[in-house]
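Descriptive structure summary
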Amino acid sequence: PRLAFVLGTRPEIIKLSPLVRACLERAIPHVVVHTGQHYSESLDAVFFEQLELPTPTYDLGVGSDDHGEQTATMIRGIESVLEAERPAHVVVQGDTNSALAGAIAASKRDPSLAHVEAGLRSFDREMPEEINRVLVDHAADHCFAPTEESARLLAAEGIDGDRVRVTGNTIVDAVSQHRDLATEKSDVLAEHDLEPGAFYLLTAHRAENVDDPERFAGILEGVGAFATRTDREVVYPIHPRARETLAAFELSVPEPIRLVDPLDFLDFLTLERHARLAVTDSGGVQEEACILGTPCVTVRDSTERPETVDIGANRLVGTEPSAIVAGAEAMVDRPGTWSNPFGDGDAADRILDALL
Ligand code: UD1
Ligand code: UDP
């Protein structure tokens, strides 16, 4: 095959889907290697089905573990696949342990390594994702940066300009390919008895937030207080990591916050589009809210998506309840008239053209 895609988590499946589909349309020989980092139906299989992706060629079934053990098992499995398949290029996306494993396995062997969504930096070296991004970018032969800002950050680290290309983010491709389908097919508003523009959307799953009882409680308290004050409901599709720690820490969920299971892409896009405000610690949700014109409040101390803050689509507030309330008040009535900084929805074609 020309290409081997290595992926393992929900956001990688979503953001690589436009590339895999473009390979199918253009009859480009490729294999998909799923590490198995995400395996619950609602984080994994649901997206293959809805995004019309074939079953992965390989599923390494690695599952959850400590970072070192998990990454090592992935590297071993990916190396065997590379040995058997001998692709020309290995393509990884983003900043997960699956991306890191793909990068290490590829860079020790013949194929060139392509990093989709290169050059993002939070400058918070406590985040496992930040270390992963830096390592993958420095190993990559092709860094596909979503914005000029990301390309500038790569240059500042001494990465040769010949390795860098600004393509836009493939999330714009994925959103534009599914936005209308979501309107047509999703019943999520009716199912949950929600009125467009009259509810808030919450997602929180980052280790630095939900594995820390004080920070997790701060998020719930701040969002709950703002919802109570403005008399609106909050929908929180809860990631399994957060579901587990919520129970382990015995945190109480304020009355206006409704926990629901993780949603499929069309239902989630529909909620994002019609929410009055998104409150999140997710990378992808900061981008999608910006693309869909929904104001966003990010419950983190740093962001690797500063473009969203610069254009007034997003505000970084941390996890103190009073700061969350103040940020939400400042953002909630903001009209979503900014223009999306992440490209025109043709990132996948640009990336394939550059590689092939
Ligand atoms: C991972 C990524 C994170 C990304 C997120 C996307 C790393 C270091 N982290 O975090 O950057 O934002 O995916 O959602 O790669 N679990 C399940 N079912 C699953 C997967 C996980 O129940 O299918 C639970 C397990 O208890 C597991 C925990 O979630 O221990 C964490 O999973 P893990 O893959 O380690 O990290 P994420 O938090 O999902
Ligand atoms: N998402 C989804 N259902 C949900 C929550 C998120 O389909 O219930 C999608 C969302 O549209 C986005 C991606 O998952 O494209 C974001 O993934 P996540 O927040 O897990 O990871 P991150 O982007 O922070 O790495």
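Up top is the structure.
Bear in mind the structure is a predicted one, so any value in this text is a computation, not a measurement.

Reading the values: rules and limits
- Residues numbered from 1 in each chain as written.
- Chains lettered and ligands numbered in written order.
- Predicted model: local features only at pLDDT ≥ 70, side-chain atom pairs only at ≥ 80, totals over all residues.
- Heavy atoms only, no water.
- Helix = DSSP H or I, 4+ residues; strand = E, 2+ residues; numbered from the N terminus.
- Near = heavy atom within 4 Å.
- Polar contact = N/O pair within 3.5 Å; in protein donor to acceptor, adjacent residues only side chain to side chain.
- Areas by Shrake-Rupley, 256 points an atom, 1.4 Å probe, with all protein chains shown as cover.
- Nonpolar A, V, L, I, M, F, W, Y, C, P; charged D, E, K, R; others polar.
- Contact = heavy atoms within 4.5 Å.
- Pairing = 2+ DSSP bridges.
- Axes fitted to C-alpha atoms, helices over the stretch in contact; angles between N-to-C directions.

Positive phi is not limited to glycine here, since Glu-52 has a value of about 55°. As for its placement among the helices and strands, Glu-52 is situated in the loop between α2 (45–50) and β3 (58–59). Of note, Glu-250 is a non-glycine position whose phi angle comes to about 50°, a positive value. The residue Glu-250 is located in the loop between α11 (240–248) and β10 (257–260) in this model.

Around ligand 2 sit 16 residues in total, of which Arg-206, Leu-263, Ser-282, Gly-284 and Glu-288 are the nearest. At 3.5 Å, a side-chain N or O of His-205 approaches an oxygen atom of ligand 2. Arg-206 has a polar side-chain atom sitting 2.7 Å from an oxygen atom of ligand 2. Burial of ligand 2 by the protein chains amounts to 95% of its free accessible area of 530 Å². If you list the elements that add at least two residues to the shell around ligand 2, you get α1 (10–25), α12 (265–274) and α13 (283–292). Of the residues contributing to the shell around ligand 2, the split by class is eight nonpolar, four polar and four charged.

Our focus in this paragraph is the site of ligand 1. Surveying the vicinity of ligand 1 reveals 19 residues, the closest of which are His-38, Tyr-39, Ser-40, Glu-129 and Arg-241. Contacts to ligand 1 include His-38, whose side-chain N or O atom sits 2.7 Å from an oxygen atom. Backbone polar atom of Asn-97 to an oxygen atom of ligand 1: 2.9 Å apart, as the coordinates give it. Isolated, ligand 1 exposes 750 Å² of accessible area, and the fraction of that covered by the protein chains is 88%. For the shell around ligand 1, the element with the highest residue contribution is α11, accounting for three residues. Tallied by class, residues from the shell around ligand 1 come to four nonpolar, 10 polar and five charged.

What follows is about the side chain of Ser-150. Structurally, the position occupied by Ser-150 is in helix α6 (residues 148–156). Those residues within four positions of Ser-150 in sequence are excluded, and the remaining contacts are Ala-118, Gly-119, Leu-120, Ala-145 and Glu-307.

Okay, the sheet that holds β3 next. Across the sheet, which stays open at both edges, the seven strands sit in the order β3-β2-β1-β4-β5-β6-β7 with parallel pairing between neighbours. Two strands in the sheet have a free side with no partner beyond their single neighbour: β3 and β7 (164–166). Both strand β1 (residues 3–7) and strand β2 (residues 30–34) contribute to a ladder of five bridges, which runs parallel. Residue pairing in the sheet places Leu-3 in a bridge with His-30 of β2.

This paragraph deals with the sheet that holds β10. A sheet is described by the order of its strands in space; here six strands give the open sequence β10-β9-β8-β11-β12-β13, paired in parallel fashion. Looking at which strands have only one partner, the edges of the open sheet turn out to be β10 and β13 (314–316). Ignoring which end each strand starts from, the neighbouring axes of this sheet average 20° apart. Summarising the sheet, strand β8 (residues 199–203) and strand β9 (residues 233–237) pair through three bridges and their orientation is parallel. By the bridge assignment for β9, Phe-199 is matched with Glu-233. Most of the contacts of helix α10 (residues 213–230) go to β8, to which it runs at about 175°, and overall it touches β8, β9, β10 and β11 (277–280). Those strands touched by α12 are β8 and β9, and its axis lies near 125° from that of β8.

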